[in-house]
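Structural overview for review
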Amino acid sequence: MTDRISFHLDATDGKARTGKIQTTRGAIRTPAFMPVGTAATVKGMMPESVRATGADILLGNTYHLMLRPTAERIARLGGLHGFMNWDGPILTDSGGFQVMSLGALRKLDEDGVTFKSHIDGSKHRLTPERSMEIQALLGSDIVMCFDECPALPADRDRIATSMELSMRWAKRSKTAFGDRPGHALFGIQQGGLEQDLRAQSADALRDIGFDGYAIGGLAVGEGQAAMFDCLDYAPDQLPVDRPRYLMGVGKPDDIVGAVARGVDMMDCVLPSRSGRTGQAFTRRGVVNIRNARHADDPRPLDAECACPACSSYSRAYLHHVSRSKEMIAGMLLTWHNLHYYQDLMAGMRGAIAAGTFDAWQAVFHARRAEGDVEPI
Ligand SMILES: [Zn+2]
């Protein structure tokens, strides 16, 4: 136990890193994948099941929680950890990204953003100060700065103006966050796909000083090649002795490519959302369990996976319950997908520690290139 969040690197292999973020609620092994618990739940999963997949930390969404049930209510009930029965670390986003995604429903000014709830149309306002207040009420262990992020493609002037505003908001976020032992504040680098703007943003954040640094504004429509081009330099612009968090990424091969470029943390709704639509991530690529080819297939979804969906059920059963829209379909496939993602992270951590990450990546890509098992 410590009252400070600390980051320790155990090994590096090329640009890839493995280590631990120590928090008052336990260690986060990096590279880490954070399942998304948008509305104080990872949909379809009990918290102990999420833990059993190997997750060390969850992500919560400020935007959703501030609207319903509200941060004040969660604080009255003892904070987000007790409310949702998750005693491990929680990272909350700032609400900025989701508010910006509301498009016509929001209005941006220097001080913050006013928006209408997607639930009932009621009017709300978020500023750096209010975002820090909400994340403190939730009791989040890792708090994110309030930022603005344009959708890509956007012209350079728009990206520069937005990045400069985000840096002013980063300063205000730091001031409002204050000194909170046991809680960390992460800055968010912006600058789109412009290397010099990314460098300016990193310098501005470093001057303010944060416990960790996120790479924001990617995975917003630019495609994997452009994202990797940016990740060839963006992590290097951030302090080497702090965790680097790539927000909102991604598919398994996005994650592997990001780790190879020096990223330590990621989050994405993909494994949980896909589970609810019959999509499964396996060592041999994506499987759509609703496809007719699985209807009579007694084999497991992924023969090498130790999750409950793969160890106790057949493809035929998963196909049946998914086609029948039974609740257990989303539960089992979400469990499998989260388990697969955590296996992926554990595999990378082991390979980086052993200095065999290049070989590990070659096997990862070769297995996926084989494709799914032949139909029977
Ligand atoms: Zn499985």
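About the cut-offs
Residues numbered from 1 in each chain as written. Predicted model: local features only at pLDDT ≥ 70, side-chain atom pairs only at ≥ 80, totals over all residues. UniProt positions renumbered as here; feature names shortened; annotations may be inferred. Helix = DSSP H or I, 4+ residues; strand = E, 2+ residues; numbered from the N terminus. Rg over C-alpha atoms; globule rule 2.2 N^0.38 Å. Buried ≥ 20, exposed ≤ 12 C-beta atoms within 10 Å, placed from the backbone. Contact = placed C-beta atoms within 7 Å. Expected span 1.5 Å × (residues − 1). Domains from an automatic or database assignment. Nonpolar A, V, L, I, M, F, W, Y, C, P; charged D, E, K, R; others polar. Core = buried A, V, L, I, M, F, W, Y, C linked by C-beta atoms within 7 Å. Pairing = 2+ DSSP bridges. Axes fitted to C-alpha atoms, helices over the stretch in contact; angles between N-to-C directions.

An unreviewed UniProt entry lists the chain under the name Queuine tRNA-ribosyltransferase, from Jannaschia donghaensis. If you open the UniProt record of the chain and go to Sequence similarities (unreviewed entry), you find "Belongs to the queuine tRNA-ribosyltransferase family." Taken from UniProt, the Pathway (unreviewed entry) comment for the chain reads in full: "tRNA modification; tRNA-queuosine biosynthesis."

1. Thoughts on the overall build of the chain
Within the chain one finds 15 helices and 16 strands. In terms of overall dimensions, the chain is globule-like: its C-alpha atoms have a radius of gyration of 20 Å, near the 21 Å expected for 376 residues. Principal-axis analysis of the C-alpha atoms gives the chain an extent of 60 × 45 × 45 Å. For the chain, with 376 residues in total, the buried portion stands at 47%. Across the chain, the fraction of contacts at a sequence separation of at least 24, relative to all contacts at a separation of at least 6, is 67%.

2. What to know about helix α14 (residues 327-354)
Between its first and last C-alpha atoms α14 spans 41 Å; for 28 residues at 1.5 Å apiece the expected length is 40 Å, and the two agree. Counting buried residues in α14 gives 20 out of 28 residues, a clear majority hidden from the surface. Immediately downstream of α14, the backbone of G355 shows phi near 75°, a positive value.

3. Re the UniProt feature "binding site: substrate" (unreviewed entry) in the chain
The positions that UniProt labels "binding site: substrate" (unreviewed entry) are, in the present scheme, D93, S94, G95, G96, F97, D147, Q190 and G217. Relative to the helices and strands, G95 resides in the loop between β6 (90-92) and α5 (96-100). G95 has contacts with T62, Y63, M66, L126 and S131, leaving out every residue within four places of it along the chain. Within the secondary structure, Q190 is located in the loop between β11 (184-189) and α8 (195-208). The contacts of Q190, once residues within four sequence positions are left out, are D147, C149, S162, M163, S166, S201, G216 and G217.

4. Points about the domain arrangement of the chain
Much of the literature gives interface size as the accessible area that the parts lose upon coming together. Along its sequence, the chain is carved into domain 1 (6-268) and domain 2 (275-370). Using C-alpha coordinates to define each centre, domain 1 is positioned 27 Å away from domain 2. If you list the elements that add at least two residues to the side of domain 1 that touches domain 2, you get β1 (6-13), β2 (16-23), β4 (32-34), α1 (47-52) and α10 (252-260). Tallied by class, residues from the side of domain 1 that touches domain 2 come to 14 nonpolar, 6 polar and 5 charged.

5. Quick notes on the UniProt feature "domain: tRNA-guanine(15) transglycosylase-like" (unreviewed entry) in the chain
Feature annotation in UniProt assigns "domain: tRNA-guanine(15) transglycosylase-like" (unreviewed entry) to the following positions: residues 15-368. In residues 15-368, the share of helix is 43% and the share of strand is 17%. The end C-alpha atoms are 23 Å apart.

6. Describing the nonpolar core
One recurring pattern in soluble globular proteins is that nonpolar side chains are buried together. Counting residues in each nonpolar core, the largest one holds 101 residues, and the members touching the most others are M34, L58, F186, L246 and M266. Top contributing element to this core by residue count: α14, with 13 residues. Three or more residues apiece are contributed to this core by two domains, here domain 1 (6-268) and domain 2 (275-370). If we ignore the near neighbours within four places in the chain, the residues touching L58 are M34, P35, G37, V42, V50, W86, G88 and I90.

7. Considering the sheet that holds strand β3 (residues 26-30)
Where strands meet in a sheet, backbone hydrogen bonds hold them as pairs that are either parallel or antiparallel. Within the open sheet, the 3 strands sit side by side as β1-β2-β3. Their pairing is antiparallel. The strands lining the two open edges of the sheet, one partner per strand, are β1 and β3. Taking each pair of neighbouring strands and ignoring which way they run, the sheet shows an average axis angle of 15°. Two elements, β2 and β3, share 5 bridges in a ladder whose sense is antiparallel. Each residue of the ladder has a partner; that of Q22, found in β3, is A27.

8. Digging into the sheet that holds strand β12 (residues 212-215)
Reading across from one edge, β4-β14-β13-β12-β11-β10-β6-β5 is the order of the 8 strands in this open sheet, with parallel pairing throughout. Here the strands that pair on one side only, and so sit at the sheet edges, are β4 and β5 (58-60). Within the sheet, the average angular offset between the axes of one strand and its neighbour, ignoring direction, is 25°. The pairing of strand β10 (residues 142-144) with β11 spans 3 bridges and is parallel. Residue pairing for β11: M144 is matched across the bridge by F186. Helix-sheet contacts for α8 involve β11 and β12, and the interaxial angle to β11 is about 160°.

9. What about unusual backbone geometry?
A negative phi angle characterises most non-glycine residues, just as the trans form characterises most peptide bonds. Following T30, the chain continues into P31 via a peptide bond in cis, with omega recorded as 0°. Phi at A40 takes a positive value of approximately 65°, unusual for a residue other than glycine. With respect to the helices and strands, A40 occurs in the loop between β4 and α1. Residues other than glycine seldom take positive phi values, yet A219 does so here, at roughly 60°.

10. With respect to the environment of A154
Inspection of the secondary structure puts A154 in the loop between β10 and α7 (156-177). Separated by 39 residues in the primary sequence, A154 and L193 have C-alpha atoms spaced 9.6 Å apart. In this structure A154 touches I159 and G192, once residues within four positions along its chain are discounted.

11. So, the environment of V373
Here V373 shows up in the segment after α15 (357-370). Apart from the residues within four sequence positions on either side, V373 is in contact with R284 and R299.

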